Amino acid sequence: MRLPFVSPVSRRVANNRQERDDDRALLEDDPLSIPLESIDRASDSDHRQTGIPVRSHHYSGSRRNRSCQFAIFIAILAGLLLAILLPRRRSGSSVSANDGLLPCGDSRYSINDHTCYRGNFLCPVIHKKRTLRCGSGCYLPEEFSCDGGKLVEVQNPNLGGKPPSKDAGREACTPNYLHLSDPPYENYFMSDCSSASQVVVTSPLADSDLKIIGPRLLIAWPAGNSGIVAYFSPESGVNGTLGIGLQNITGTNRALNPLIGGVTGVLFLNSSATLDLTVLGSIRTIREFIEGPSTLSPKIQDAIEVRQLPDGGIQLSRQWLDKTTETYLTIHGSKGRTISIQNSKPHLTNGTYTFNAWTSYPQLDQLGATEVINPASQSIISQNEEDIESLSFLSYSSKILAGAWRFLTYFGRDSLISLLLLRPILSEGDGGAIEAILGAAIERINLSDGTVCHEETIGDYASYLNEQQGIDSADPLCDYKMIDTDFFLLIAINEYFVNSAVGSSRRDLFFANNASVLSANRGFTYGDLTLATAEKIMKLTTDFEQSPIKENLIHLNKGQTVGQWRDSGNGLGGGRIPYDVNTALVPAALKSIAFLSSKGFFPSYPDWDKVASKRATFWEDNTLSFFRVDITVEKSRDLIANYVDVTGFPGKVDTSELDSPVAFHGLALDGKDQEPVVKVMNTDDCFRLFLLNTTDQAQLSAFLSQVADNILRPFPLGLSTAVGLVVANPAYGEGSVDVREFTESAYHGTVVWSWQLAMMAAGLERQLERCEHEQLAYCTDSALHGRVLEAYNHLWDLIDTNREHLSSEVWSWVYRDGDFQYTPLGALPPPEGQSPVESDIRQLWSLAFLAVKRNDVYRLPQA
């Protein structure tokens with residue numbers, strides 16, 4: 001299939017362009033092909049008011065020859081005017097409705113050459129970037145902003161008079177394509193230097209629950225955390241009969257091609273369908289519609305415009321609430337097939353359709369595979385192509401994204417945990433992945449109290465939330481309700497700037513950077529912002545050292561039911577004082593502050609190296625006991641029997657395997673109905689294993705003993721299933737939780753999270769390695785050491801068995817044919833009273849196994 005998306009008009013403008021087939025032109029075409037030279041901004045102020053419809057400005061290091069530059073400017077201006085006017089002339093001639101061009105007012109344009117704003121105003125694509133409209137002109141947002149219809153030059157406080165290094169040395173614009181299947185979801189990724197897109201096609205299977213699985217086309221973009229979702233239904237009215245999917249584009253071995261700021265592909269319908277609902281704008285809007293109460297703002301939905309195209313196809317478009325950005329979706333039938341529109345709903349017969357989806361929101365600067373992986377680890381690129389492509393898709397020079405498709409933006413906790421697990425392979429230094437992660441977190445700190453941002457809100461959803469507060473602005477917002485991310489930031493800063501030679505050398509330059517993302521932080525350096533977080537941690541942890549009582553532990557914020565990684569409504573079982581934060585993150589962060597202080601950080605607090613170190617040890621030694629749960633053998637067996645009866649657990653359960661008391665640490669303290677401990681066995685022991693080297697010998701031995709037992713015991717006696725360790729086991733809840741809130745379909749229920757497997761494996765290895773250079777009691781206890789070694793190998797056997805799922809965010813199970821079998825979380829109906837939740841096919845922290853590997857030194861011989 002030929003895809004004539006490059007306008008013949010633009011070829012006429014570019015006299016020296018070689019003829020190429022349309023597929024190649026789609027990937028490589030420079031639509032205007034006009035030599036855009038530097039323009040002296042100092043002499044440009046008069047021209048900025050002239051209302052010329054197409055403008056472009058580029059950085060120049062030399063501004064001496066202004067008369068020459070003015071002559072160049074006149075030439076550019078003439079060329080740009082020609083580029084705009086030529087399409088208008090063409091519309092007056094005899095033009096085929098199937099020439100691949102779209103209407104814009106009385107003009108016709110190519111998607112890859114121009115953007116049509118409000119249906120009648122063309123702005124050109126410049127160097128594979130869409131320009132935005134400002135009044136009667138167009139601009140590149142890295143050079144200008146628009147204020148009241150007038151251009152305002154953008155000042156970057158960290159450039160120091162030099163252009164961004166990325167512009168000088170970009171990798172070739174090579175498209176990267178990846179297809180990942182997870183039925184009923186088919187995931188496709190396409191990116192190049194002009195865009196990054198994920199397409200998810202959902203089509204019901206024979207055994208799908210049709211209440212939650214239906215035909216759906218979803219497109220997600222990291223740019224603006226934006227996207228499109230389109231829901232189809234069979235015209236026959238019989239659910240389950242309509243199947244949809246993507247077909248390879250003719251002449252290629254892939255189902256997608258990139259567009260400037262978007263993607264194109266071929267959609268197949270096996271029967272006639274109605275396009276019932278389309279949402280264009282923010283992924284947050286789409287995610288909350290799918291996983292929330294399924295409501296949409298009329299102001300957003302009513303702004304969608306549906307129009308018939310000259311070739312019989314349709315276009316859906318919507319201007320964002322910022323009154324600038326637009327999102328577009330076109331669908332074209334093959335062989336001139338017309339898509340009818342009845343009662344504002346498009347109707348499609350069975351067959352193939354070309355879809356084009358794009359947005360004018362500025363694209364992010366993606367890190368390629370060789371840019372996100374450090375030089376010493378480049379060999380893993382060819383060994384793990386799919387995972388490296390996934391990591392690259394989530395990695396950008398300004399931030400690393402949490403997951404695809406549901407979390408295509410900054411999440412502090414996710415990126416910082418990923419840094420800690422992936423650090424051996426991530427690129428360092430200026431422009432590297434590690435500094436992108438740290439810089440993004442520091443940029444978004446709330447300077448007033450030092451809290452680190454959990455999730456940013458950008459793009460259309462930022463405008464929506466600002467509007468709810470009576471503010472007409474698209475400025476980004478941050479969610480500050482999480483209590484764990486502050487501690488992760490200091491741990492990660494210490495890991496890089498103290499324990500890495502490159503990080504140590506970069507320290508002064510990095511922390512001298514001026515913040516630029518949040519307006520409230522502008523004028524402050526990264527050093528200022530980091531100090532605010534360190535001060536907050538030192539203040540929060542003082543009281544417990546002076547009086548070690550439950551009230552002085554770290555609590556969730558008032559009015560919040562979430563605050564750490566188990567951030568679904570029932571993730572902590574109603575608890576208020578999280579286990580992981582208090583027993584692992586606090587002492588690890590305090591140790592990090594002490595190390596940083598000893599290296600010259602925080603000079604205004606010269607005693608922090610000693611104060612923070614002493615306090616860290618106190619928290620480490622005196623918090624575990626608050627969360628400890630001990631249950632006798634007889635009582636444990638009764639609780640398991642009751643759990644099986646209440647839940648109808650279908651698997652085999654042999655309580656005789658419980659031949660010793662059960663011990664674990666509860667998820668949290670202060671549960672519902674004044675329960676002192678939320679008695680849910682869990683995998684959060686991994687934080688303490690991975691982040692701390694406990695020195696209290698008796699405490700370490702007891703801790704490792706219960707870790708090993710709970711890993712080795714099968715669920716529901718312990719945590720182990722054939723598909724991995726479940727992150728929560730409520731069987732011993734004893735009334736402290738409702739076991740029906742912790743099921744195999746609950747987001748933080750009896751399900752498997754990949755990164756928890758990775759941190760548990762890395763943590764166990766860390767504790768085993770200590771025996772090689774420390775005199776520890778557990779190391780000389782052959783029974784206990786052997787049990788820990790057995791748990792390490794059992795865990796790795798589970799990991800190796802489930803390797804095909806490890807890069808997914810979270811997965812679940814069904815019990816069939818006498819064993820636990822993998823199933824996507826989103827394929828199961830949610831627990832009663834909860835909304836359905838899907839899983840990301842690729843999650844940043846689930847890529848941890850690129851760096852976390854089984855250590856053969858500790859491998860036990862096969863039995």
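These figures come from a predicted structure and were not determined experimentally. (Residues numbered from 1 in each chain as written. Predicted model: local features only at pLDDT ≥ 70, side-chain atom pairs only at ≥ 80, totals over all residues. Heavy atoms only, no water.)

### So, the pattern of salt bridges
Throughout the structure, instances matching the rule amount to 44 salt bridges. Of the charged contacts in the structure, one is a salt bridge between E142 and K129, with a shortest N-O distance of 2.8 Å. Residue E142 is located in the loop between β7 (137–139) and β8 (144–147), and its partner K129 is located in strand β5 (residues 129–130); the two are separated by 13 residues in the primary sequence. Residue classification places K129 among the partly exposed residues on the basis of a relative accessible area of 34%. In this structure, D670 engages K550 in a salt bridge whose closest nitrogen and oxygen atoms are separated by 2.7 Å. Pair noted here: D670 is in the loop between β31 (668–669) and β32 (677–678) and K550 is in the loop between α16 (542–546) and β28 (577–578), with a separation of 120 residues, a long-range link. Residues joined in a network through salt bridges with shared partners are R284, R287, E288 and E455. (Salt bridge = Lys/Arg side-chain N within 4 Å of Asp/Glu carboxyl O. Helix = DSSP H or I, 4+ residues; strand = E, 2+ residues; numbered from the N terminus. Buried < 20%, exposed > 50% of the residue type's maximum accessible area, 1.4 Å probe, protein only.)

### Remarks on the sheet that holds strand β11 (residues 185–192)
Taking strand neighbours across the sheet as the criterion, the 8 strands line up as β10-β11-β12-β13-β14-β18-β23-β22 in an open arrangement whose pairing is antiparallel. Each end of this open sheet is capped by a strand with a single partner; those strands are β10 (176–182) and β22 (340–342). Taken pair by pair, the neighbouring strands of this sheet meet at an average axis angle of 20°, ignoring direction. For strand β12 (residues 195–202) and strand β13 (residues 216–221), the ladder comprises 5 bridges, and the chain directions are antiparallel. Bridging across to β13, T202 finds its partner in R216. (Pairing = 2+ DSSP bridges. Axes fitted to C-alpha atoms, helices over the stretch in contact; angles between N-to-C directions.)

### Section: the packing of aromatic side chains
One pass over the full model with this rule turns up 38 aromatic pairs. Ring geometry for F510 versus F511: centroids 5.1 Å apart, planes at 85°, classification edge-to-face. For F510, a relative accessible area of 2% corresponds to the buried category. Owing to a relative accessible area of 11%, F511 belongs among the buried residues under this scheme. Seen from their ring centres, W813 and F820 are 4.9 Å apart, and the 80° between their planes marks the pair as edge-to-face. When its relative accessible area of 10% is taken as the criterion, F820 is described as buried. An aromatic cluster is defined as three or more aromatic residues linked by ring pairs; in this entry it consists of Y496, F497, F510, F511, Y526, F601, F602, Y605 and W608. Residue placement shows R337 over the ring face of Y353; its charged tip is 5.2 Å from the ring centre. In this arrangement the basic side chain of R688 is found over the ring face of F703, its NZ or CZ atom lying 5.8 Å from the centre. (Phe/Tyr/Trp six-rings, centres within 6.5 Å; stacked < 30°, edge-to-face > 60°. Lys NZ or Arg CZ within 6 Å of the ring centre and 35° of its normal.)

These figures come from the coordinates and say nothing about function on their own.
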